[in-house]
Amino acid sequence: MELIAFRPEHAAQIQLQPGQAYMKELIDDEYCQSLLEAGPAYTLVEDGKVLAVGGISIIWEGRGLMWSLISDSLHGGQFVRMHKIVVRFLELQNLRRIEITVDHEWATAHRWAKLLGFKHEAYLPKFAPNGLDADQYVRLQ
């Protein structure tokens, strides 16, 4: 498993996990380019296959919004290794506040946010691009 610099074409190579499948229609060149320009971003690959992309969009100095797109093919052992990489990435950020939003109904995403050190901050009705409810988590450093 290797972490490399994110390139916009990486996002289109991911068969998204079910909880993120609605994002597929949003992933175009313009969107991916905006992710690249917004802040640090990386791609996780193994055997030439893109397993995940993610990063932090800097809102303003000291505040960022973490994002990720994760492959449906990522399995248990790979997830554990990815989790350790993401924890280390978060620890290295020079930000006072990092936010993440997750689908309100997606228990796995809530669990992972908490394992990453995020605390629940708000319920966001009709927040997601598909109109579904979301929750915001925050990690203060």
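Residues numbered from 1 in each chain as written. Predicted model: local features only at pLDDT ≥ 70, side-chain atom pairs only at ≥ 80, totals over all residues. Heavy atoms only, no water.

Section: the side chain of Asp135
Mapped onto the secondary structure, Asp135 falls in strand β7 (residues 134-140). Although Asp135 is buried, it makes no salt bridge; Lys114 carries the closest opposite charge, 9.0 Å away. At 2.5 Å, the side chain of Asp135 and the side chain of His104 are in polar contact. Setting aside residues no more than four positions away along its own chain, Asp135 makes contact with Ile100, Thr101, Val102, His104, His110, His120, Ala122, Tyr123 and Leu124. (Helix = DSSP H or I, 4+ residues; strand = E, 2+ residues; numbered from the N terminus. Buried < 20%, exposed > 50% of the residue type's maximum accessible area, 1.4 Å probe, protein only. Lys, Arg positive; Asp, Glu negative; His and termini not counted. Salt bridge = Lys/Arg side-chain N within 4 Å of Asp/Glu carboxyl O. Polar contact = N/O pair within 3.5 Å; in protein donor to acceptor, adjacent residues only side chain to side chain. Contact = heavy atoms within 4.5 Å.)

Some thoughts on the pattern of salt bridges
Tallied over the full model, the rule gives six salt bridges. A salt bridge links Glu46 to Arg81, with the nearest nitrogen and oxygen atoms 2.9 Å apart. Note that Glu46 is positioned in strand β2 (residues 41-46) and Arg81 in helix α3 (residues 76-91), a separation of 35 residues in sequence. The class for Arg81 is partly exposed, based on a relative accessible area of 38%. For the salt bridge of Arg97 with Glu99, the shortest nitrogen-to-oxygen distance reads 2.7 Å. Bridged by salt links that share partners, the residues Arg63, Arg97, Glu99 and Glu121 form one connected network.

Some thoughts on the sheet that holds strand β4 (residues 63-70)
Strand order across the open sheet formed by seven strands is β1-β2-β3-β4-β5-β7-β6, with mixed pairing between neighbours. Of all strands in the sheet, those bounded by a partner on one side alone are β1 (2-5) and β6 (119-124). Strand after strand, the sheet turns through a mean of 25° between neighbouring axes, direction not considered. Sheet analysis places β4 next to strand β5 (residues 97-103), joined by three bridges and oriented parallel. When the sheet's bridge partners are listed, Arg63 is paired in β5 with Arg97. Against the sheet, helix α2 (residues 29-38) touches β2, β3 (49-60) and β4, its axis set at about 60° to β3. (Pairing = 2+ DSSP bridges. Axes fitted to C-alpha atoms, helices over the stretch in contact; angles between N-to-C directions.)

A few points about the pairing of β4
With six of its eight residues buried, β4 lies for the most part within the structure. The pairing of β3 with β4 spans eight bridges and is classified as antiparallel. Each bridged residue has a counterpart across the sheet, and for Ile56 the counterpart in β4 is Met66. Traced from β4 through α3 to β5, the parallel crossover comes out right-handed. (Right-handed = clockwise from strand over helix to strand, strands pointing away.)

Here we look at the nonpolar core
Judged by nonpolar contacts, the single largest core of 22 residues is most densely connected at Met66, Met82, Leu90, Leu116 and Phe118. Counting residues per element, the ones that place at least two in this core are β3, β4, α3, β5 and α4 (107-115). In terms of residue count, the dominant contributor to this core is α3 (five residues). Once residues lying within four places of it in the same chain are set aside, the contact partners of Leu90 are Ile56, Met66, Ile98, Leu116, Phe118, Arg139 and Gln141. Core analysis: the next-biggest nonpolar cluster, separate from the first, contains 14 residues, Ile14, Ile27, Leu35 and Leu69 among them. (Core = buried A, V, L, I, M, F, W, Y, C linked by side-chain atoms within 4.5 Å.)

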